[in-house]
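# A look at the structure
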Amino acid sequence: MSFPKGFLWGGATAANQYEGGYLSGGKGLAVADTLTGGDGIHNIPRKFIVEMPDGTKKEFGGRESLPVDAKAIVDPDTYYPSHVATDFYHHWKEDLALFAEMGFNVYRMSINWTRIFPNGDDTQPNEEGLQFYEDVFKECKRLGMEPLVTIYHFDCPLHLANEYDGWASRHTLDAFKVYVKTILTRYKGLVKYWLTINEINFTRSFKNSGIHDGYTNKAKTEQNYYHLFLGSAYAVKLAHEIDQENKVGLMIAHGASYPYSCNPEDVFAELNNAHDTKWFFGDVQVRGYYPAWKVKELEREGIVLKKEPGDDELLKEGTVDFYSFSYYSSQAIAAHPEELGVSEGNQTQGVKNPYLEASAWGWTIDPLGLRICLNQIYDRYQIPMMIVENGLGAIDKVEEDGSINDDYRIDYMRKHIQTMKDAIEIDGVDLMGYTPWGCIDLVSAGTGEMRKRYGFIYVDMDDDGNGDLSRKRKKSFYYMQKVYKSNGEDID
């Protein structure tokens, strides 16, 4: 058998892209609730509508820095895709039954912080929110699925973002600790697999961590990362103290990266890019300290992190049990990209790789890159790994007979699963699970679109919020069902 007995097969979602239930059940506002839709193919970005100190309203792109005195708002005349998304909040029993039918034995989902603490720093949690997730986790267990729960998945409470500058503030870290303790205690025995911070290497924006000028203020960005590392370490340490059965992983966006050529300048550029975008975040959470090159970088730039007694010890004590990551595509890195033209995909920049095809949204399709990543990660850290996001965003067509023949998605999945088999059989990597992204259609994080679909289950909802939210199995549903029920042996 290629895949070990007990291998975790499932799918992944995030509350702010899937859950909906905008203000239902006592939920408060998160930053994601103030983010509009966009158009990825035509390069129209998602936006924030903010209120300035003089009362005027302005728009800022989702990847822009916001002025420090700007406050994001929900504009009554604007459509916000996260408010309904694909409405797991009202369809969770139906959806979990479909996941079980497909053969899941694990389901990755996130808890929305503002469903537990509406403002993020409330003195008491919202019992209705706590009970909602308890009911979901119990149903998962009844259906034979282990919940794999992301504690923070880009849903900074709006109050903490607007009033405290999000994760740039120690106040947000302290509020997060209360939230973490609350959910780890409440769900002891129901959840044993946890992820701390989703794609921590993408947390330098208002969108993902609630900081206003993260793209322009490097000192603040580094302090933001530092607080996120401490939050992750605290969650790991406390999870182990509360229940020895708990297993906690990090979560990093980990695409493959290659030097554009054998020119030593390109090779060195790729090394620096990998340090900045991947290994820094893994090193701190797996090894428990800042790597030497990062310490030197901060010294050169005159950045002094604001620390408190016990921080260094916490980082060392709160190292993760496994390395989990998202993998969608790869990029080529050049020392002088301006001479070659930039190719953007999944919020990272590189140059066009002439050896690879790309999706309609410009993401390269590179199954072998996944095997390269698995080997690089395992060589570096020697701990178990889990692929917790992977998939193909595409426009799906519903035929007259109601069928959705997404053979392109099946081809993508087959090639990546074969790569996983090779990495286990030939390379000997320790891979413990696989949860493809958007197992059911949901709102794209990068573009806010519904037409960019990843799911094996179709949801009737469009980019403008029209649709009856009915669910329909795609052709890929039955393919993944075959793969899962054969423990990855039948992939043809």
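Everything in this summary refers to the structure shown in the same document. (Residues numbered from 1 in each chain as written. Predicted model: local features only at pLDDT ≥ 70, side-chain atom pairs only at ≥ 80, totals over all residues. Heavy atoms only, no water.)

### A closer look at the overall build of the protein chain
Threshold: Numbering of helices and strands starts at the N terminus; helices are DSSP runs of H or I of at least 4 residues and strands are runs of E of at least 2. Restricting the calculation to C-alpha atoms gives the radius of gyration, and the globule rule supplies 2.2 Å times the number of residues raised to the power 0.38. Any two residues having at least one pair of non-hydrogen atoms within 4.5 Å are treated as being in contact. Note on areas: Shrake-Rupley with a 1.4 Å probe; residue coverage comes only from the protein chains shown.
Each helix and strand in the protein chain was counted, giving 14 helices and 17 strands. For 492 residues, the compact-globule estimate of 2.2 N^0.38 gives 23 Å, and the C-alpha radius of gyration of the protein chain, at 21 Å, lies within 12% of that figure. C-alpha extents for the protein chain along the principal axes are approximately 55 × 55 × 50 Å. Relative to all contacts within the protein chain whose residues are 6 or more apart in sequence, the contacts with residues 24 or more apart total 74%. Carbon and sulfur atoms make up 49% of the accessible area of the protein chain, which amounts to about 19000 Å² in all.

### Some remarks on the packing of aromatic side chains
Rule in force here: The pairing test for Phe, Tyr and Trp rings, Trp by its six-membered ring, is centres within 6.5 Å, and the orientation test on the planes gives stacked under 30 degrees, edge-to-face over 60, and tilted for anything in between. Each residue gets one of three labels from its accessible area relative to the maximum for its type: buried under 20%, exposed over 50%, partly exposed in between, using a 1.4 Å probe on protein chains only.
Under the defined criterion, the tally for this structure stands at 39 aromatic pairs. On the basis of an interplanar angle of 75° and a centroid distance of 6.3 Å, the ring pair of Phe88 and Phe132 is categorised as edge-to-face. Taken together, the residues Phe88 in helix α2 (residues 88-102) and Phe132 in helix α4 (residues 127-142) connect sequence positions 44 residues apart. Here the aromatic rings of Tyr225 and Phe280 are separated by 6.3 Å at their centres, their planes lie at 70°, and the arrangement is edge-to-face. Remark: Phe280 occurs in helix α9 (residues 264-287) and Tyr225 occurs in helix α8 (residues 218-242); sequence separation between them is 55 residues. Phe280 gets classed as buried once you look at its relative accessible area, which sits at 1%.

### Some details on the pairing of strand β6 (residues 146-152)
To keep it simple, the criterion reads: We call two strands paired when DSSP finds no fewer than two bridges between them.
Burial within β6 is extensive, with 7 of its 7 residues counted as buried. Examined bridge by bridge, strand β5 (residues 106-110) and β6 share 5 bridges and lie parallel to one another. In the strand pairing of β6, Val106 is matched with Glu146. Where β6 lies against strand β7 (residues 193-197), 4 bridges are found, and the strand directions are parallel. Bridge pairing in β7 places Tyr152 opposite Ile197.

### Considering helix α13 (residues 407-425)
For clarity, the threshold we go by: Multiplying one less than the number of residues by 1.5 Å gives the expected span of a helix.
Under the 1.5 Å per step criterion, the end-to-end length of α13 is 27 Å for 19 residues, consistent within 8% with the ideal 27 Å. Looking at the buried side of α13, the elements it contacts are β1 (8-12), α12 (367-381), β14 (385-389), β15 (431-434) and α14 (475-485).

### Examining the state of the cysteines
Just so we agree on the cut-off: Pairs of cysteine sulfur atoms within 2.5 Å are identified as disulfides in what follows.
Considering all chains together, one arrives at 0 disulfides under this definition. Left unpaired, Cys140 is separated from the closest cysteine sulfur, that of Cys439, by 11 Å. Taking the relative accessible area as the measure of exposure, Cys140 reaches 0% and is therefore buried.

### Points about the sheet that holds β15
Sheet strands pair by backbone hydrogen bonding; their relative direction is either parallel or antiparallel. Here is the rule: For helices, the fitted line uses only the C-alpha atoms of the stretch in contact; every axis is such a line through C-alpha atoms, and the angle between N-to-C directions lies from 0 to 180 degrees.
Strand order in this closed barrel of 8 strands is β1-β5-β6-β7-β8-β10-β14-β15, and the pairing throughout is parallel. In this sheet, neighbouring strand axes are inclined to one another by 30° on average, regardless of whether the strands run parallel or antiparallel. Of the strand pairs in this sheet, β14 and β15 are connected by 3 bridges, and their pairing is parallel. Counterpart to Ile387 in the pairing with β15 is Tyr434.

Any link to function would need more than the numbers given here.
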